[in-house]
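# Examination of the molecular architecture
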Amino acid sequence: MIQFIKKMTLGLLVLMLSFMIDGCTKKTSERDTIQESKELPAEVNLALTPPMGWNSWNSFGENVSEQVIRETADAMVASGLKEVGFLYIVIDDIWQGGRDSITGMLYPDPVRFPSGMKDLADYVHSRGLKFGIYSDAGTQTCGDMPGSFGYEKQDAQLFADWGVDYLKYDYCYCPDYASENNDYRMAIERYRAMGDALKATGRPIVYSICEWGARSPWLWGKEVGGHLWRTSYDVYDMWDSPRNESSPIGILASIDVMVNLGRFAGKGGWNDPDMLVVGLKNTGNIRGGGCNDIEYRSQMSMWCMLSAPLMIGSDIRNMSESTRNILLNKDIIAIDQDTMGIQGFRVIRKDGLDGWKKPLSNDRIAIAFLNRNSDDMSVTAAWNELELDSAIQYSVYDVWEHKTVSHAEGSISTKLRPHECQVFVFSPAKTE
Ligand code: GLA
């Protein structure tokens, strides 16, 4: 009985928390947001906008090495990616050599990381970048390496001593007590254990929760110290897939999961629909058949409309011209990184057309049209469909064509290729 009451109390707490978050974010005006940011606790300042960087998993998997990381850090700087905001270099799973049976200390694979993690972190920092690593809330990681369960404090301190700035924390090898509805509680406890341990180190470390959205981490992620939480299973290099029921999924399925989650995202805590597959071209560690450049551009567009963390998964040491153009587009990145931190929401869904809207700073609004169909599509959207103020005259800027476009009085028309997403920034020209 006592157990039952405890479970009910926790359930109620989670529910109340979600209503509080909901109530706070729904009515956010720009002024409120600015005032709030002054009162935010220090650790929240870590991810005031969605984190941007690169992660080793999609391209390298178990072949990640210090050489790959050093070369990637160099490429991040040389390509200009650092300049446009990509800062974190995150080593994903299978960097571990094991856990010392006497000291309990984790150590990296001595063949692939002969200089050790401190040395590697120093190198990444010397390039003006930040260093990230991966572990798991269970006894083992998803790649069967030692997990951090029971070693949270020791591992967090080790990561801090190495100079880690970002931890991705996975959820494999955690027992599932879903039948007793205990699964949520266990996830909250385990993520809190690492969240507390990271805080206790005193080092600012971005905490990336990766339990794939199955236990609604948007309800409790921030409360356990998280700065981002995965909303879906792993996005592979493919446009569409069955729904978000297990890995892998496609770009479109991951977008659809985000539809009703906007109210849980904001400064310091972001919904994470997984990494960018832009530029993978069906190579590397995860496959899926590959996407074309229009589809890659659509992923980038929608991730920015959704205020998603932008973690590149392709090999940036060898980027094609088209991949470069997609990843280095400052205009689309500015939408992701806008200081208001408001996740876009869907305002149109008809005949395979999605219309998305994202309020931006300085009274601007980003509008995206996404063609889900495999045929060309002509679109005309009136201001009322886009929930725009008809009393305002807008200047409309196309963020992929990098130019101001003309439009009819009170509506905008465009043509979309199959799976294409076009994004426009509406700025008030003058008020009548
Ligand atoms: C899980 C995560 C992936 C990746 C792998 C590593 O599947 O969802 O993003 O980190 O584990 O094993």
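Residues numbered from 1 in each chain as written. Predicted model: local features only at pLDDT ≥ 70, side-chain atom pairs only at ≥ 80, totals over all residues. Heavy atoms only, no water.

### As for the state of the cysteines
This model, assessed by the stated rule, comprises 1 disulfide. Each sulfur in the disulfide pair Cys142 and Cys172 lies 2.0 Å from the other. Around the S-S axis, the bridge from Cys142 to Cys172 shows a dihedral of about 95° and counts as right-handed. One end of the pair, Cys142, is in the loop between strand E5 (130-136) and helix H6 (152-162); the other, Cys172, is in the loop between strand E6 (166-170) and helix H7 (183-201), with 30 residues separating them in the sequence. Not engaged in a disulfide, the cysteine Cys421 finds its nearest cysteine sulfur in Cys304; these two sulfurs lie 9.8 Å apart. The buried category is assigned to Cys421, whose relative accessible area is 0%. (Disulfide = S-S within 2.5 Å. Helix = DSSP H or I, 4+ residues; strand = E, 2+ residues; numbered from the N terminus. Buried < 20%, exposed > 50% of the residue type's maximum accessible area, 1.4 Å probe, protein only.)

### A few points about the confidence of the model for the chain
Overall, the predicted model of the chain reaches an average pLDDT of 90, with 88% of residues at or above 70. Low pLDDT, under 50, characterises residues 1-38; the stretch is placed with 29 contacts to residues that sit more than four places away or in other chains. (pLDDT = per-residue confidence, 0-100. Contact = heavy atoms within 4.5 Å.)

### Let's talk about the site of the ligand
The environment of the ligand is made up of Trp57, Asp92, Asp93, Tyr134, Cys142, Gly143, Lys168, Asp170, Cys210, Trp212, Arg230 and Asp234. Note that an oxygen atom of the ligand is positioned 2.8 Å from one of the side-chain N or O atoms of Asp170. At a separation of 2.9 Å, an oxygen atom of the ligand approaches a polar side-chain atom of Trp212. Here the shell around the ligand is composed, by residue class, of 5 nonpolar, 1 polar and 6 charged. (Near = heavy atom within 4 Å. Polar contact = N/O pair within 3.5 Å; in protein donor to acceptor, adjacent residues only side chain to side chain. Nonpolar A, V, L, I, M, F, W, Y, C, P; charged D, E, K, R; others polar.)

### Quick look at the packing of aromatic side chains
In this structure the tally under the stated criterion is 15 aromatic pairs. Summarising the aromatic geometry, the rings of Tyr171 and Tyr191 are spaced 5.6 Å apart at their centres and angled 25° between planes, so their arrangement reads as stacked. Linking Tyr171 in the loop between E6 and H7 with Tyr191 in helix H7, this pair joins segments that are 20 residues apart in sequence. Since its relative accessible area comes to 3%, Tyr171 is described here as buried. Through pairs of rings, three or more aromatic residues link up here, namely Tyr169, Tyr171, Tyr191, Tyr207 and Trp220. The ring of Tyr151 is capped by Arg99, whose NZ or CZ atom sits 3.6 Å from the centre of that ring. Over the ring of Phe149 we find Arg190, and its NZ or CZ is 3.7 Å from the ring centre. (Phe/Tyr/Trp six-rings, centres within 6.5 Å; stacked < 30°, edge-to-face > 60°. Lys NZ or Arg CZ within 6 Å of the ring centre and 35° of its normal.)

### Structural notes on the environment of Ser232
Following the sequence through the fold, Ser232 ends up in the loop between strand E8 (228-230) and helix H8 (251-257). In the structure, Ser232 is positioned 14 residues away from Ser246 in sequence and 8.5 Å away in space, judged by C-alpha atoms. Not counting residues within four places of it along the chain, the set of residues in contact with Ser232 comprises Trp212, Gly213, Asn244, Ile249, Ser254, Val257, Asp272, Pro273 and Asp274. Polar contacts involving the side chain of Ser232 include one to the side chain of Ser254, which spans 3.2 Å.

### Some remarks on the packing of H6 against H7
The interhelical angle for the contact between H6 and H7, taken along N-to-C directions, is 45°, at an axis separation of 8 Å. Here H6 lies oblique to H7, going by the angle between them. For the crossing formed where H6 meets H7, the hand is right-handed. Residue-level contacts link Glu152, Lys153, Asp155, Ala156, Gln157 and Ala160 of H6 to Ala193, Met194, Ala197, Leu198 and Thr201 of H7. Taken together, the residues that form the contact of H6 with H7 break down as 6 nonpolar, 2 polar and 3 charged. (Axes fitted to C-alpha atoms, helices over the stretch in contact; angles between N-to-C directions. Parallel < 35°, antiparallel > 145°, perpendicular 65-115°, else oblique. Left-handed = near helix turned anticlockwise from the far one by under 90°.)

### Observations regarding the nonpolar core
By size, the foremost hydrophobic cluster in this structure holds 99 residues, and its most contacted members are Trp95, Met300 and Met302. When residues of this core are assigned to their parent elements, the largest contribution, 7 residues, is made by H7. Residues within four places of Trp95 in sequence aside, it is in contact with Leu106, Tyr107, Pro108, Asp109, Arg112, Phe113, Met117, Ile133, Tyr134, Phe159 and Trp162. Counting residues in hydrophobic clusters, the runner-up holds 19 residues, among them Ile348, Val379, Ile412 and Phe424. (Core = buried A, V, L, I, M, F, W, Y, C linked by side-chain atoms within 4.5 Å.)

### Some remarks on the packing of helix H4 (residues 66-78) against helix H5 (residues 117-126)
Packed helix pairs are specified by the crossing angle of their axes together with the interaxial distance, meaning the distance between the axes. Taken N-terminus to C-terminus, the directions of H4 and H5 make an angle of 10°; their axes are 9 Å apart at the nearest point. Considering the angle they form, H4 stands roughly parallel to H5. Touching Glu66, Ile69, Arg70, Ala73 and Asp74 of H4 are Asp119, Leu120, Tyr123 and Val124, all from H5.

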